[in-house]
Each structure stands twice: as C-alpha cells, then as structure tokens.
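# Examination of the molecular architecture
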Amino acid sequence: ITDEDLFPGGKLKMNGVKYFGDCPPETTLSYGTSVILASGSGLSGVFETLLSARNGRKYPVSNLKTYDAGGVSGEIGMDSVLVGSLRFMQSMGVDMPRSTRVSQAVYVAVNGELAGVFAISYGVTRAAADTLGALTRCRGVTPVMATRDFMLTQTFLRAKFRVDTRSMFFPPMAARAELGKRRAPTDAPQAAHLA
C-alpha cells in the first residue's frame, strides 16, 4: 500500500504554517520541501505546491537518512535539516515549545533549532477507507505498508481509518522506499477486491 493508495491526489492539504527561530521563512520552506522531495514522501505534492506559490527554490540534498521514529534528515550546503513528526523532533533533541505541539503537522528544524511547523489535513476517501478495512479483515492477507510519508504510523492509520493495524505489516522506513519502487510485471496474475 502506497501513500497514493491511502490519500489519492488532492486529499492532502496544507492547513497552516508557523515559523520559528532565526531561519528565514523562505529558507525553512525551501529546505523542508527539498528534504521531503528527496525522500520521495507522499507529502511531496503539497509541499511543492506551497513552494511554487511562494516562488521558492529547491536545493540538492546530501546524506539523506530516514528514521523509524517518524522523520528524515539531510544536509543542504553546510546546514543540517530535520523534517518529521513531533515525536521525531523530540527524539532528535530539538527543543519544542508547548505552543507548537500539533498532532498532524510536519516539523522542520535547521541546525537543531525548530524553524517551522506545517499543519497538514489528511482527507480520507470512502473508497480508501472501505478497501483498507476489507484488507485488514481478510484472513490470509497482510497489507504491507510501502508508504514514505513518515506521518503514516500505526497509531495514525488506526485513528484515521478506524482499522485494526495489527494485521498490517510496517517495514522499516528504508525498506518502504524500496518496496514503493517495485512494480508488478505486466504478465503477473491479476487480482481485484470488490467491496
């Protein structure tokens, strides 16, 4: 199951932005977007749209790393950039003021200092909810998460889709990137799920 399977085009929306610290807002947005794009996350579209609307620029990212705690890191020039969930930022030692603690938000830190909080709205379609529910109830079927959006955790999916995520397999983030690249051969047996 990929990011697009759960939240097809147009179902992710930016719900608000707040900037912090000494990093200029345009740099925070550019750095955060560049790291998200480099990671291949399902958040790429919503961040790229915001960056384009603000005439921002993309930067090359080196030393990209994914973390199972819910985030990614990379280097842009001499700056270290962290992008991830609240839990991820706390695990990386970033000081998080109380006013910034938003559950469905992407946090960006530059050189260890919180620089921006991007609230994201995840819109659930009935088709995605019905299909995921049916798959999690089906005996002998184990849905494998190949999502690259670090926000899509077991807890998040359980609350958003009201499914039992214990029957799903959540590989480490590094493995999800590889799984997401795989495509079925054209001569593979076809299957369909009718709900």
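Our subject in this report is the structure included herewith. For every chain, the first residue of the written sequence is number 1, and numbering continues from 1 along that sequence. Totals for whole chains, interfaces and linings use all residues, but because this is a predicted model, local features are given only for residues with pLDDT of at least 70 and pairs of side-chain atoms are given and counted only at 80 or more. Where side-chain values are given, they derive from all heavy atoms of the structure, hydrogens and water being excluded.

The two faces of a sheet get side chains in turn, since along a regular strand they alternate between them. The buried fraction of strand β6 (residues 113-122) amounts to eight of the 10 residues, a majority that puts the element mostly inside the structure. Paired strands, as defined in this entry, are two strands with at least two bridges between them according to DSSP. In this description a helix means any DSSP run of H or I spanning at least four residues, a strand means any run of E spanning at least two, and both kinds are numbered starting from the N terminus. Bridge count for strand β1 (residues 12-19) against β6 is seven bridges, and the pairing is antiparallel. Of the residues in β6, the one forming a bridge with Met14 is Ile120. Across six bridges, strand β5 (residues 105-110) lies against β6 in antiparallel orientation. Looking at the pairing, Val110 lines up with Glu113 of β6. Linking two consecutive strands that pair antiparallel, namely β5 and β6, is a turn of two residues; a positive phi of about 55 degrees is found at Asn111 within it. Type-normalised accessible area, obtained with a 1.4 Å probe on protein chains alone, sets the label of each residue: buried when under 20%, exposed when over 50%, and partly exposed for intermediate values.

Inspection of the secondary structure assignment puts Ser34 in helix α2 (residues 25-39). On the accessibility criterion, Ser34 (3% relative accessible area) is buried. Any pair of nitrogen or oxygen atoms within 3.5 Å is treated as a polar contact; in protein, a donor-acceptor pairing is required on top of that, and neighbouring residues in sequence qualify only through side-chain atoms on both sides. Reaching out from Ser34, the side chain makes a polar contact with the backbone nitrogen of Tyr59 at a distance of 2.8 Å. When near neighbours in sequence (up to four residues on either side) are disregarded, Ser34 contacts Arg57, Lys58, Tyr59, Val61 and Ile76. Whether two residues touch is decided by their heavy atoms; if any such pair falls within 4.5 Å, the residues are in contact.

Let's shift gears to the nonpolar core. We define the nonpolar core as a collection of buried residues of types Ala, Val, Leu, Ile, Met, Phe, Trp, Tyr and Cys that are connected through side-chain atoms lying within 4.5 Å of one another. In this structure, Leu43, Phe47, Val83, Val106, Tyr122 and Leu157 are the most contacted members of the largest nonpolar core, which totals 37 residues. With near-sequence residues (within four places) excluded, Leu43 lies in contact with Leu12, Ile36, Val106, Ile120, Tyr122, Asp149 and Phe150. Formed by 12 residues, the second largest nonpolar core is a distinct cluster that contains Leu82, Leu86, Met89 and Met96.

Let us look at the packing of aromatic side chains. Remark: the centre distance and the inter-plane angle together describe each pair of aromatic rings, the angle taken between the planes. In summary, the pairing rule links any two rings of Phe, Tyr or Trp, Trp by its six-membered ring, whose centres are within 6.5 Å, and it sorts them by plane angle into stacked for under 30 degrees, edge-to-face for over 60 and tilted for everything else. All chains considered together, the criterion is met by eight aromatic pairs. Ring geometry for Phe7 versus Phe156: centroids 6.5 Å apart, planes at 55 degrees, classification tilted. Residue Phe7 is found in the loop between α1 (3-6) and β1, and its partner Phe156 is found in helix α6 (residues 154-161); the two are separated by 149 residues along the sequence. Each member of the pair, Phe7 as well as Phe156, is classed as buried. Plain terms: the ring middles of Phe7 and Phe161 are 5.5 Å apart, the flat faces sit at 55 degrees to each other, and that makes the pair tilted. Taken together, the residues Phe7 in the loop between α1 and β1 and Phe161 in helix α6 connect sequence positions 154 residues apart. For the pair formed by Phe7 and Phe161, the shared burial category is buried. Within the aromatic cluster, the residues linked to one another by ring pairs are Phe7, Tyr122, Phe156 and Phe161.

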